[in-house]
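Examination of the molecular architecture
Read off the chains here:
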2 protein chains.
Amino acid sequence: MLCLVGLGLATERDLSLRAFNVLAGCDVVYLEGYTGVFDRLSELEDLLDRSIHVLSRQEVESSPELIERARKHNVALLVQGDPFSATTHVSLILDCVDAGVKYLVVNSSSVFSGVARTGLSLYKFGKTASIPFPGKNFKPDSFLRVISDNLKIGAHTLCLLDVESDAHDFMTIPEAVRIIERADKKDSLDYRWVGCARLGFPDEVVKWVKPSTLKRFDWPAAPHCLVIPSKKLHFMEKEALKMLSD
Amino acid sequence: MLCLVGLGLATERDLSLRAFNVLAGCDVVYLEGYTGVFDRLSELEDLLDRSIHVLSRQEVESSPELIERARKHNVALLVQGDPFSATTHVSLILDCVDAGVKYLVVNSSSVFSGVARTGLSLYKFGKTASIPFPGKNFKPDSFLRVISDNLKIGAHTLCLLDVESDAHDFMTIPEAVRIIERADKKDSLDYRWVGCARLGFPDEVVKWVKPSTLKRFDWPAAPHCLVIPSKKLHFMEKEALKMLSD
């Protein structure tokens, strides 16, 4: 059986009791190490009292071995946040169905609901944007379309920032702001956004300020994300943003 | 201190290890009993080895006592799903800030990411709609606006179904379909929706069918929710919907 287990939003202690039990019954535990970089691996190994093998993108995506191994053994794949947040994990389940291999999903906390800690209503979030690291000949700006679609219907945009897992390089809020500003040729987004660092950690930081201030602020360590709110905020949202951002 | 603790998507074992520890350090444990109805209270009490007091809407919302109690004691309020999913819990935190009472939030799994189990991309979900029980002189249809806004930008709509906590009455998928159909005078939504029962439970059921079929199906117990997908599905979403719905 393949057990897709959510690690949760922040530390190893966001694992659920169910996840903990499921992992205890697994023959081998992998950590998916490319949609996020979990920086508390040794604490997690201590907690579970076993070693964990970190898998690269290639090992997860182009690996019939993982599925074949799960045919005979109980194989756990730990995933940051909720296991279904990334499309790649849905594919893995489809591969199981195709191969006739049993699977199990253990849900967990995720930035998709944790972002409501900003004070913005979760009901008013629209489509989610990915902000990718630009390549040499690759300057994607599809996130702008997502943001403008959301603004049209009065929805907030959660922007998830890229991770280059090999280099252990997390995109920071200042980098993301620069990438969005560069793509936004019409300069239509120059109002207060919400920068969120370490959501769900004891030392989380949320700031509701102009992009220029987001770029200058001295943020704590990753993970970071950004929210570009609707231009029309409910007065309760404004009040909450004021009180819950530093 | 007021500890707002997420119970998670399904059973008492969706509590995180952190939640479990926080609850152990609390003097009193309440359960918010009106945005959801938790039907495993005695299992939860067994797990925590203590009694839990269920609070009504009035006791949570118009209760300075809760905040005052948290000034002197460690008070836990258990909330289904992630604690920030409902606006009412954000208000509670604002009350704490106002009163100078410390608070702590423990995130958990939630339908807001769990719904990706349908195979629909979480990135493509738009604003969330609430489907309320109609009253005698009260037939709200604001959910239609949310659905049509989302359709305009190619986004899926998660529809959360009402709970009448006093009567322990959960709106079912067939009821919700009837309410939406009645409001949709133009009959513009007659295509395949996704019905989800018991997401995150071992016996979850997901069906991707026409509303007429959703109404006839013999669903398992609550909780139920609905997704009205974008009319333009990515082929991967179609494939996943096909394979992951029964």
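Attention here is on the structure that accompanies the text.

Each value, and the rule that gives it
Residues numbered from 1 in each chain as written. Chains lettered and ligands numbered in written order. Predicted model: local features only at pLDDT ≥ 70, side-chain atom pairs only at ≥ 80, totals over all residues. Heavy atoms only, no water. Buried < 20%, exposed > 50% of the residue type's maximum accessible area, 1.4 Å probe, protein only. Helix = DSSP H or I, 4+ residues; strand = E, 2+ residues; numbered from the N terminus. Contact = heavy atoms within 4.5 Å. Core = buried A, V, L, I, M, F, W, Y, C linked by side-chain atoms within 4.5 Å. Least-squares fit on C-alpha atoms with pLDDT ≥ 70 in both. Salt bridge = Lys/Arg side-chain N within 4 Å of Asp/Glu carboxyl O. Buried area = accessible area lost by both parts, 1.4 Å probe. Nonpolar A, V, L, I, M, F, W, Y, C, P; charged D, E, K, R; others polar. Pairing = 2+ DSSP bridges. Right-handed = clockwise from strand over helix to strand, strands pointing away. Axes fitted to C-alpha atoms, helices over the stretch in contact; angles between N-to-C directions. Parallel < 35°, antiparallel > 145°, perpendicular 65-115°, else oblique. Left-handed = near helix turned anticlockwise from the far one by under 90°.

Before going further, it helps to spend a moment on helix α7 (residues 142-152) of chain A. Residue and element names in this part refer to chain A. Restricting attention to buried positions, one finds in α7 the residues Phe 143, Leu 144, Val 146, Ile 147, Asp 149 and Asn 150. If you follow the buried residues of α7, they end up packed against β6 (129-131), β7 (157-161), α8 (173-183) and β12 (224-228). Directly beyond the C-terminal end of α7, a positive phi value near 70 degrees is found at Gly 154.

Further remarks concern the nonpolar core. The nonpolar side chains of soluble globular proteins are, as a tendency, buried together. Ranked by size, the top nonpolar core spans 84 residues in total, and within it A:Leu158 and B:Leu158 carry the most contacts. Those residues in contact with A:Leu158 that sit more than four places away from it in its chain are A:Val111, A:Phe112, A:Val115, A:Phe125, A:Lys127, A:Thr128, A:Ala129, A:Cys225, A:Leu226 and A:Val227.

This part covers the relation of the copies chain B and chain A. Each of the two chain copies goes to the other by way of a rotation about an axis and a shift along it. Expressed as a screw operation, the relation of chain B to chain A combines 0.0 Å of axial shift with a rotation of 180 degrees, fitting to an RMSD of 0.0 Å. The operation mapping one copy onto its partner corresponds to a two-fold rotation axis. Take the interface residues of chain B: 100% of them recur as interface residues in chain A, which is what a same-surface contact looks like.

What follows is about the pattern of salt bridges. Scanning the entire structure with this criterion turns up 26 salt bridges over all chains. We note a salt bridge from A:Glu61 to A:Arg57, for which the minimum N-O separation is 3.3 Å. Residue A:Glu61 and its partner A:Arg57 are located together in helix α3 (residues 57-61), separated by four residues, close to a single helical turn. The exposure class of A:Glu61 is partly exposed, given its relative accessible area of 41%. Here B:Asp203 makes a salt bridge to B:Arg198, at a shortest N to O gap of 2.9 Å.

The interface is formed by 49 residues belonging to chain B together with 49 residues belonging to chain A. In total, chain B and chain A occlude about 4,300 Å² of area from one another, counting both sides; carbon and sulfur atoms represent 66% of this. Ranking the residues of chain B by area buried against chain A places B:Leu17, B:Tyr123 and B:Ile153 at the top, with a combined share of 19%. Connecting chain B to chain A are two salt bridges. If one sorts the elements of the side of chain B that touches chain A by residue count, helix α5 (residues 87-99) of chain B sits on top with six residues. Of the residues assigned to the side of chain B that touches chain A, the class counts are 23 nonpolar, 16 polar and ten charged.

Residues and elements named next belong to chain A. Among the five residues that make up strand β2 (residues 28-32), five are buried, leaving the element largely enclosed by the rest of the structure. A two-sided burial pattern is seen for β2, the buried positions comprising Val 28, Tyr 30 and Glu 32 on one face and Val 29 and Leu 31 on the other. Relative to strand β4 (residues 75-80), β2 runs parallel, the two sharing four bridges. Each residue of the ladder has a partner; that of Val 28, found in β4, is Val 75. For β2 and strand β3 (residues 53-55), the ladder comprises three bridges, and the chain directions are parallel. When the sheet's bridge partners are listed, Leu 31 is paired in β3 with Val 54. Between the parallel elements β2 and β3, the chain passes through helix α2 (residues 41-48) in a crossover that is right-handed.

Residue and element names in this part refer to chain A. Residue Pro 223 is reached from Ala 222 by a cis peptide bond, and omega for that bond is 0 degrees. As for its position among the elements, Pro 223 is in the loop between α9 (211-216) and β12. Of note in the backbone geometry, Asp 49 takes a positive phi value of approximately 55 degrees without being a glycine. Residue classification places Asp 49 among the exposed positions, given a relative accessible area of 69%. Despite not being glycine, Arg 198 shows a phi value in the positive range, around 60 degrees. In this fold, Arg 198 is placed in the loop between β10 (193-197) and β11 (205-209). The class of Arg 198 is buried, set by a relative accessible area of 11%.

Where helix α10 (residues 235-244) of chain A contacts α5(B), the two axes come as close as 10 Å, and the packing angle between them is 50 degrees. In terms of orientation, α10(A) and α5(B) fall into the oblique class. Handedness of the α10(A)/α5(B) crossing: left-handed. Residues A:Met236, A:Ala240, A:Met243 and A:Leu244 of α10(A) lie in contact with α5(B), whose contacting residues are B:Val90, B:Ser91, B:Ile93, B:Leu94, B:Val97 and B:Asp98.

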